[in-house]
Amino acid sequence: MGKENGSSRPLEGEQLLLGVMGDPIRQSKSPVMHNAAMQEFGLAGSYVPLHVKGENLEAAVEGIRALGFRGVNVTVPHKVNVMACLDAIDADAKAVGAVNTIVNDGGFLTGYNTDGIGYIRSLKEEAVPDLSGSRVLVLGAGGAARGIVHALLKEKPAEVIIANRTLENAHKLAQEWAGLGKITACGTDSESLRVSAAKADIIINTTSVGMFPDSGASPLDASLIPEGIVVSDLIYNPLKTRLLQEAEARNCRIHGGLGMFVYQGAYAFEFWTGRQAPAETMRQAVLAAFGV
Ligand code: ATR
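What counts and what doesn't
Numbering of residues begins from 1 in every chain and follows the order in which that chain's sequence is written. Local features in this predicted model are restricted to residues whose pLDDT is 70 or higher, and side-chain atom pairs enter the listing and the counts only when it is 80 or higher, whereas totals over whole chains, interfaces and linings include all residues. Derived side-chain values reflect all non-hydrogen atoms in the structure, with water molecules and hydrogen atoms excluded from consideration. Secondary structure is summarised from DSSP: a helix means a run of H or I of at least four residues, a strand means a run of E of at least two, and numbering begins at the N terminus for each. With the radius of gyration taken over C-alpha atoms, the globule rule is written as 2.2 Å times the number of residues to the power 0.38. Note on contacts: a residue pair qualifies if any of its non-hydrogen atoms lie within 4.5 Å across the two residues. Any N or O atom pair separated by 3.5 Å or less is treated as a polar contact, with the protein-specific requirement of one donor-capable and one acceptor-capable atom, and with residues adjacent in sequence counted only for side-chain atom pairs. Being near a molecule or strand, for a residue, comes down to having at least one heavy atom within 4 Å of it. For the area figures, the Shrake-Rupley method with a 1.4 Å probe applies, and any residue is considered shielded solely by the protein chains shown. Each residue gets one label: Ala, Val, Leu, Ile, Met, Phe, Trp, Tyr, Cys and Pro are nonpolar, Asp, Glu, Lys and Arg are charged, and the others, such as Gly, are polar. Nonpolar cores are built from buried Ala, Val, Leu, Ile, Met, Phe, Trp, Tyr and Cys residues. Side-chain atoms within 4.5 Å join them into one set. For each residue, the accessible area found with a 1.4 Å probe, counting protein chains only, is set against the maximum for its type, and the residue is called buried under 20%, exposed over 50%, and partly exposed in between. Two strands qualify as a pair provided DSSP detects at least 2 bridges between them. Axes here refer to lines fitted to C-alpha atoms; in helices the fit is confined to the stretch in contact. Angles between the N-to-C directions go from 0 to 180 degrees.

Summing up its helical and strand segments, the chain has ten helices and twelve strands in all. The globule rule puts the C-alpha radius of gyration for 292 residues at 19 Å, and the 19 Å found for the chain is close to it. Taken along the three principal axes of its C-alpha coordinates, the chain extends 60 × 40 × 35 Å. In the chain, the proportion of contacts linking residues at least 24 apart, taken out of those at least 6 apart, comes to 66%.

Locating serine 28 in the fold gives a position in the loop between strand 1 (16-22) and helix 1 (30-41). A polar atom in the side chain of serine 28 sits 3.1 Å from the backbone nitrogen of serine 30.

We now examine the site of the ligand. Taken together, Gly140, Ala141, Gly142, Gly143, Ala144, Asn164, Arg165, Thr166, Asn169, Thr207 and Val209 make up the full set of residues adjacent to the ligand. The side chain of asparagine 169 places a nitrogen or oxygen atom 3.0 Å from an oxygen atom of the ligand. Notes on the ligand: free accessible area 640 Å², of which the protein chains cover 57%. The residue makeup of the shell around the ligand, split by class, is three nonpolar, seven polar and one charged.

We now examine the nonpolar core. If you look at the biggest cluster of nonpolar residues, it comprises 27 residues, and the most contacted ones within it are Tyr119, Val138, Val149, Leu152, Ile162 and Ile204. Looking at this core, the elements that each hand over two or more residues are helix 4 (115-126), strand 7 (135-139), helix 5 (143-153), strand 8 (159-163), helix 6 (167-176) and strand 10 (202-205). Per element, the largest residue contribution to this core is six residues, and it comes from helix 5. In this view, valine 138 contacts Ala145, Val149, Leu152, Val160, Ile161, Ile162, Ala163, Ile204 and Thr206; residues no more than four positions away in its chain are not counted. Counting residues in hydrophobic clusters, the runner-up holds 22 residues, among them Leu16, Leu18, Ala37 and Val286.

Right, let's talk about the sheet that holds strand 9 (residues 183-186) for a bit. Here six strands make up an open sheet; going across it, the order is 9-8-7-10-11-12 and the pairing parallel. A strand with exactly one partner marks an edge of an open sheet, and here the two such strands are strand 9 and strand 12 (253-255). In this sheet, neighbouring strand axes are inclined to one another by 20° on average, regardless of whether the strands run parallel or antiparallel. Looking at chain direction, strand 7 and strand 10 are connected through four bridges and run parallel. Bridging from a neighbouring strand, valine 138 pairs with isoleucine 204 of strand 10. Each of strand 10, strand 11 (230-233) and strand 12 touches helix 8 (residues 242-249); the most contacted strand, strand 11, lies at about 170° to it.

Taken by themselves, the reported measurements are silent on function.
Here it is as structure tokens:
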């Protein structure tokens, strides 16, 4: 298991082996994005798509050690189940309840979650440099919302309101993290959304409403979007969702989901290589893969 240098970080001349485990995996843009980053630094090796079925997840994770992978990303549907296969889990990933990045240190596997912190880094770099004191309306209370809200609360917002179709799920999340900041819950009936949206500085969609091929849908009626605020959507296909188009028409600053994808990858790359990720190169590689 162990290597002579006590870690799985490749010695000079060794191949850096990375990948992404998921089912399906063919559509993933992670290989193109990370291979572009490796190329930029002249790192030998490869980042490969790994099609792993649920029943093979444990064996596949064991394979990280056996094959000397420095690490992998983990995507749908394995982000929760993979946690049972690891030696250690970062405290934030444990709180979120999901892992999307594994780091292999000499056979010792640690799980991290870079989705939420990647999203917040993107939001700060691309739209709102300082989130402290802001009032944020989060649409959705699922796995994606958990990552975002957990990372968001560290930025000391004045208030986070979780609006969810199933009100009970929003309440549960608000209760679970009540100790981390001011966090409240509401339903998605138009009156609740109107009241919550009216006091928001930032609205973030974490639901899949508006995602290709259902691009005509929006999680929020356009008339409820306040003029001139920041509206952000985790969806990156399409790059500009209907929600973002309608927000733009109401003079809002808009922020799409591509940045979250790039920065969750950037954090993972930094964990594996110890180098600052070339985020712009990674973004261009993904855009090129989309044919933009
Ligand atoms: P993810 O991990 O991508 O967040 P998830 O855990 O299945 O996926 O959560 C999806 C979120 O989007 C949930 O908050 C869900 O609301 P419910 O808790 O009521 O299911 C929300 N969502 C999905 N489809 C929706 C729709 N058509 N309208 C409103 N909310 C929707």
